[in-house]
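Here are the chains, one letter per residue:
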Amino acid sequence: MGQRPITFLRQVVALCTYPNLLDSPSFPEDAKKRARRILQGCGGNSLGAYTASQGINCIREDVASYIERRDGGVPADPDNIYLTTGASDGITSILKILVSGGGKSRTGVMIPIPQYPLYSALISELDAIQVNYYLDEENCWSLNVNELRRSLNEAKAYCNPKVLCIINPGNPTGQVQSRKCIEDVIHFAWEEKLFLLADEVYQDNVYSEGCQFHSFKKILYEMGPEYSNNVELASFHSTSKGYMGECGYRGGYMEVLNLHPDIKGQLVKLLSVRLCPPVSGQAAMDIVVNPPVPGEESYSQFIKEKESVLNNLAKKAKLAEDMFNKVPGVHCNPLQGALYAFPRIFMPSKAIEEAKAHKMAPDMFYCMKLLEETGICVVPGSGFGQREGTYHFRMTILPQIDKLKILLEKMKDFHIKFLEKYA
Ligand SMILES: Cc1ncc(COP(=O)(O)O)c(C=O)c1O
């Protein structure tokens, strides 16, 4: 999509990968300092050696310091940090140790609808029970505790709901949860003894004024020891999103809280089966949590690059929202965060009938027509789940602004013609 890599991150990974470059005058001292530190944490001072299954110690320490800074001083213990192969790997490992039982006692996993399909796929792979709770589209895709309660109570009749997954900021829906909402969810999890799984990979991607990212960990602590000593929580972050977009490095971490020591033992055993996460990904994760600070040589370039990506994303989020809402028969909630628009499309009944005649979900039919007529590829809402009778699609806001404008214009023209054709 034309986004340039963050120079400092690539410099450190390059130095770690080929340490002869540590003698090169082309690299800044602060990048060399970080590379030396990472290499000292590696077996044989080399990225090519396996690391501890939980990840390199000094990087886990950096992750813990990052979390403490992010959460205004709430303590983080490196022993609770596990480096992972992207967030996906952490989510998989945690779900693996949580799923058990048979028949009505099989583990139920509550997931938002619409959801990021990793969750439904994993639940299916692990033979767990998917328990849907619906986000409230009329209220900017917010999460309502009454809906959580409805979903949990219904699920108790056929499974043992033990896990509650939250994606904040949301994919595909782009909402950023308010502090109050997070408190309500934590209280609910505490009451119902649910294991909270907080997917926070978009924590740097918050755009709307008045919206702020609050980590579940921070709010949990601020609610007091009754909560912070009891609620089991795993939260996830990644190198894939934010301003970095380094998804190919497969870097990530998870922080776990209130896990019984025996369960932690099982977790480490499980993680050791895959030996260790990619070491270059661990190094990339280190730079995300330990970037240049004011006074360091690379700081000004780093902050310029970071802000340029995030400011552009914020502009594109607003542009997409405004453009979609000008199209008749389309409604788009504000893109408060993450990297996607998820507009609702109101489809004429003739189009729905034709889709059915083609044995296609109506929004799939719409997306295929869009692809055939414009070359633009978006994902039908049915791929993420949506309320019965509603239709959506998801598209990313990653293209460069000029291209995004052209793309949105084309989509508008397509939609108007589509409405005319099936009126
Ligand atoms: C909500 C959410 N969680 C997890 C992931 C997976 O991230 P990773 O590349 O770190 O495995 C994604 C990727 O799109 C995502 O949107």
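Residues numbered from 1 in each chain as written. Predicted model: local features only at pLDDT ≥ 70, side-chain atom pairs only at ≥ 80, totals over all residues. Heavy atoms only, no water.

## Concerning the packing of helix α1 (residues 7-17) against helix α2 (residues 29-40)
Two measures define how a pair of helices packs: the angle their axes make with one another and the distance between the axes.
So, point 1. At a closest axis distance of 9 Å, the pairing of α1 and α2 adopts a crossing angle of 45 degrees. Classified by the interaxial angle, the pair formed by α1 and α2 is oblique. In the packing of α1 onto α2, the handedness of the crossing is right-handed. Across from Phe8, Gln11, Val12, Leu15 and Cys16 in α1, the residues of α2 making contact are Asp30, Ala31, Lys32, Arg34, Ala35, Ile38 and Leu39.
So, point 2. The class makeup of the residues in the contact of α1 with α2 is eight nonpolar, one polar and three charged. (Axes fitted to C-alpha atoms, helices over the stretch in contact; angles between N-to-C directions. Helix = DSSP H or I, 4+ residues; strand = E, 2+ residues; numbered from the N terminus. Parallel < 35°, antiparallel > 145°, perpendicular 65-115°, else oblique. Left-handed = near helix turned anticlockwise from the far one by under 90°. Contact = heavy atoms within 4.5 Å. Nonpolar A, V, L, I, M, F, W, Y, C, P; charged D, E, K, R; others polar.)

## Some thoughts on the UniProt feature "domain: Aminotransferase class I/classII large" (unreviewed entry) in the chain
So, point 1. The residues that UniProt annotates with the feature "domain: Aminotransferase class I/classII large" (unreviewed entry) are residues 11-406.
So, point 2. Between the first and last C-alpha atoms of residues 11-406 the distance is 34 Å; the span itself is 43% helix and 14% strand. (UniProt positions renumbered as here; feature names shortened; annotations may be inferred.)

## As for helix α10 (residues 261-273)
So, point 1. Between its first and last C-alpha, α10 extends 19 Å over 13 residues, near the 18 Å set by a 1.5 Å rise per residue.
So, point 2. Among all positions of α10, only Lys264, Leu267 and Leu271 are buried. Along the long axis of α10, the arc covered by the buried residues comes to 55 degrees, so they all point the same way. The exposed residues of α10 that point more than 90 degrees off its buried face are Asp262, Lys269 and Val273.
So, point 3. Here the buried face of α10 lies against β1 (81-85), α4 (86-98) and β7 (251-257).
So, point 4. Positive backbone phi, approximately 65 degrees, marks Leu275, located one or two places after α10. (Expected span 1.5 Å × (residues − 1). Buried < 20%, exposed > 50% of the residue type's maximum accessible area, 1.4 Å probe, protein only. Arc of directions from axis to C-beta.)

## Observations regarding the sheet that holds strand β11 (residues 379-380)
So, point 1. Ordered by their spatial adjacency, three strands build an open sheet running β9-β12-β11, and the pairing between neighbours is antiparallel. Looking at strand neighbours, the two that pair on one side only are β9 (340-341) and β11, the edges of this open sheet.
So, point 2. Pairing analysis gives two bridges linking β11 to strand β12 (residues 393-396), with the strands arranged antiparallel. Counterpart to Val379 in the pairing with β12 is Arg394. (Pairing = 2+ DSSP bridges.)

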